[in-house]
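# Analysis of the macromolecular model
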Amino acid sequence: MAASAAFLCRAGARQPLQPGVLERLSAARECVTRVSRWRWCLITSCGLHSTVYDPNEKTFEKLLIANRGEIACRVIRTCKKMGIKTVAIHSDVDSNAVHVKMADEAVCVGPAPTSKSYLNMDAIIEAIKKTRAQAVHPGYGFLSENKEFSRRLESEGVAFIGPDMHAIQAMGDKIESKLLAKNAEVNTIPGFDGVVKDADEAVRIAREIGYPVMIKASAGGGGKGMRIAWDDEETRDGFRFSSQEAASSFGDDRLLIEKFIDNPRHIEIQVLADKHNNALWLNERECSIQRRNQKVIEEAPSTFLDPKTRRAMGEQAVALAKAVKYSSAGTVEFLVDSKKNFYFLEMNTRLQVEHPITECITGLDLVQEMIHVAKGYPLRHKQADIPINGWAIECRVYAEDPYKSFGLPSIGRLSQYKEPLHVPHVRVDSGIQQGSEISIYYDPMISKLITYGPSRAEALKRMEEALDNYVIRGVTHNIALLREVIIHPRFVQGDISTKFLPDVYPDGFKGHQLTESEKRELLVTAASLYVAEQLRAQRFLGTPRVSIIKPDASNWELSVQLGDTTHSVIASCQGSTFLVEVDGIELSVTGEWNLTSALLPVTVDGNQRTVQCLSRDASGNFSIQFLGTVYKLRILTKLAAELSKYMPEKVVEDSSSILRSPMPGAVVAVSVKPGDTVVEGQEICVIEAMKMQNSLAAAKTGKVKAVHCKAGETVGEGDELVELE
């Protein structure tokens with residue numbers, strides 16, 4: 001919020017801050033507080049934060065964060081406010097990472113592979129001893145739900161910022177957690193309550209339950225080690241891939257099978273409990289927008305729940321937490337059908353990725369609450385104190401190509417990066433900066449983009465603006481998909497389920513489909529950019545060049561190609577405004593036309609847009625990000641367009657006989673050899689990227705001519721894997 005929106009909160013009253021007070025309080029974007037006789041807080045971009053950071057409160061002097069990236073940065077920020085010194089751990093490739101720079105100390109725990117660094121318990125324990133850290137916050141993923149890690153910390157006398165070993169084991173094992181949930185009278189999904197031994201047993205169990213079924217890792221989470229099977233063949237494949245992913249991600253290949261509830265919502269309840277048998281539910285988060293069982297967009301609260309259902313889900317979540325003597329922040333996940341029947345899915349015994357939206361609507365700092373509980377303090381709030389203030393939405397911004405299966409990983413270096421923090425009511429949780437490397441070793445998340453508003457409509461509008469103003473260059477990203485989802489009529493109406501993406505985009509995501517008016521806006525904006533560049537080229541050190549041929553200063557007759565269509569465009573300039581005629585319709589385009597700026601705000605006949613010109617060259621090729629999607633255009637003068645038809649066209653490569661890697665990753669298995677005959681759809685090889693295994697199949701029937709990869713090798717996007725005759 002702007003400075004004028006800051007208030008002093010005293011005994012429930014709201015009074016404007018006196019001049020100069022706001023400047024003395026740091027980081028207005030965060031919840032900044034001071035403890036004195038009265039509680040002071042700021043009304044910030046994420047609602048009213050009533051959290052008090054008391055530097056005199058006895059917690060821990062030094063805390064090690066056993067994680068990386070944005071969650072490590074998130075924990076460090078709260079620790080700084082609480083007066084706690086921080087220790088970062090990192091792999092050798094992360095030595096210049098943001099979380100390493102933010103921490104007071106940093107220790108390298110091994111090489112890039114997670115098994116040798118962020119999962120290397122011996123190295124992390126040694127770092128704890130070396131730095132004399134008193135506590136460890138595990139973040140999410142990695143060792144956050146590893147009972148052995150918790151046990152080893154306890155034996156070293158180091159506090160684990162999370163639940164105790166018993167709760168981690170009980171809730172981390174999906175088989176045991178389901179039995180405990182039943183005993184706690186929590187609604188559960190029908191299924192097999194034991195460990196599935198092999199593929200044959202998986203088929204037998206699936207037939208008994210009835211298709212479709214969900215195969216998932218007992219120790220899993222985050223969508224890894226999960227497969228949906230609709231028949232015996234898919235069950236066998238699902239068992240194989242799920243067990244391999246589970247072993248790779250969690251070191252535990254045990255699987256369970258349960259009935260798959262078709263077309264549900266995924267709604268979770270945030271719980272917070274202490275060591276004194278107190279537990280709260282902090283409302284719900286709607287997490288139904290997913291791809292490959294991984295969340296993409298979350299919001300709080302849900303549009304679907306009524307107060308009665310919300311309370312019932314919250315009370316069951318608390319009952320489960322108390323049943324295992326849970327103490328910390330945790331999340332109980334449910335599947336909810338169209339009739340508001342809800343079923344226990346799993347409990348995550350850690351801080352959830354999407355926790356910021358709960359912080360926005362409740363005003364609590366969940367990291368601070370976890371540290372507070374770990375030190376042995378009782379909860380400071382009662383259930384009646386937990387509000388729902390406004391609406392918050394989170395988009396997970398990934399280095400992914402959304403046009404490939406709604407998001408296959410992309411790698412590269414961030415050549416340009418600017419978060420949209422100038423947009424009001426925006427929070428960005430990230431662990432990267434300009435120049436950071438997105439590698440194959442870790443999750444491809446760039447950031448969590450959160451917007452807040454007093455209503456859902458306002459939060460959505462701010463998210464749309466924030467996505468348009470987010471500058472990410474150097475890697476492919478999923479902003480186009482995120483923006484399309486939040487403006488889709490079904491999403492706006494709250495008509496969503498976990499099948500939203502395949503239902504709305506049955507043929508895959510194709511980007512924003514321009515209406516005729518939007519197409520004209522893009523064409524006139526591109527033409528204006530072209531003319532603005534030409535005008536700049538005519539100047540030398542701020543003064544006009546002396547041209548041998550006198551240019552036509554009044555009109556530019558252009559040919560603009562967008563897709564398969566070419567449009568005749570006439571543009572004229574009047575100061576900072578261009579009058580552009582396209583297909584017989586004239587529009588005015590006004591902007592600052594600072595071609596060195598990553599963001600170009602323009603107004604087209606009264607419609608305000610923020611566009612990004614990603615690239616342009618001397619051949620008239622432009623890449624413009626407009627309404628979230630990148631469009632390729634070619635702009636030529638009328639004469640150049642007439643002459644271009646005499647230029648030879650590049651022959652398109654016949655790729656039907658070549659299997660290329662659709663993403664960077666590691667080859668797990670190769671199923672063919674030269675001379676083998678393969679049929680269309682047959683598995684050729686398996687690529688693992690960001691701990692997810694992907695089966696690549698033959699596009700046609702043929703004979704294998706050559707194999708250019710082998711198990712264990714690293715491949716890049718577009719690398720040739722197998723060639724057919």
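Shown above is the structure to which this text applies.
Quick summary incoming for the structure in this document. (Residues numbered from 1 in each chain as written. Predicted model: local features only at pLDDT ≥ 70, side-chain atom pairs only at ≥ 80, totals over all residues. Heavy atoms only, no water.)

### A few points about the environment of Val471
Structurally, Val471 is set in strand 29 (residues 471-473). With a relative accessible area of 1%, Val471 lands in the buried category. In this structure the C-alpha to C-alpha distance between Val471 and Tyr417, which are 54 residues apart in sequence, comes to 5.3 Å. Ignoring sequence-local partners within four residues, the contact set of Val471 consists of Gln416, Tyr417, Lys418, Ala598, Leu599 and Gln612. (Helix = DSSP H or I, 4+ residues; strand = E, 2+ residues; numbered from the N terminus. Buried < 20%, exposed > 50% of the residue type's maximum accessible area, 1.4 Å probe, protein only. Contact = heavy atoms within 4.5 Å.)

### A look at the packing of aromatic side chains
On inspection of all chains with the given rule, the structure shows 12 aromatic pairs. Ring geometry for Tyr505 and Phe509: centres 5.4 Å apart, planes at 90°, overall edge-to-face. By the burial criterion, Tyr505 is buried, and Phe509 matches it. Residue placement shows Arg291 over the ring face of Tyr398; its charged tip is 4.9 Å from the ring centre. (Phe/Tyr/Trp six-rings, centres within 6.5 Å; stacked < 30°, edge-to-face > 60°. Lys NZ or Arg CZ within 6 Å of the ring centre and 35° of its normal.)

### What about the sheet that holds strand 10 (residues 135-137)?
Strands sit in the order 9-8-7-10-11 across an open sheet of five strands; the sheet is parallel. The sheet is open, and its two borders are formed by strand 9 (105-110) and strand 11 (159-160), each paired with just one other strand. By the bridge criterion, three bridges tie strand 7 (residues 62-65) to strand 10 in an arrangement that is parallel. Looking across to strand 10, one finds that Ile65 is bridged to His137. (Pairing = 2+ DSSP bridges.)

### A few points about the pairing of strand 38 (residues 621-626)
Taken across its six residues, strand 38 has five buried, putting it largely inside the fold. The pairing of strand 37 (residues 607-616) with strand 38 spans four bridges and is antiparallel. Within the sheet, the bridge partner assigned to Gln612 lies in strand 38 and is Gln625. A loop of four residues connects strand 37 with strand 38, the two strands running antiparallel in sequence, and Gly620 in this loop sits at a positive phi of about 85°. As consecutive antiparallel partners, strand 38 and strand 39 (residues 629-637) are separated by two residues, and within that stretch Leu627 has a phi angle of approximately 55°, a positive value.

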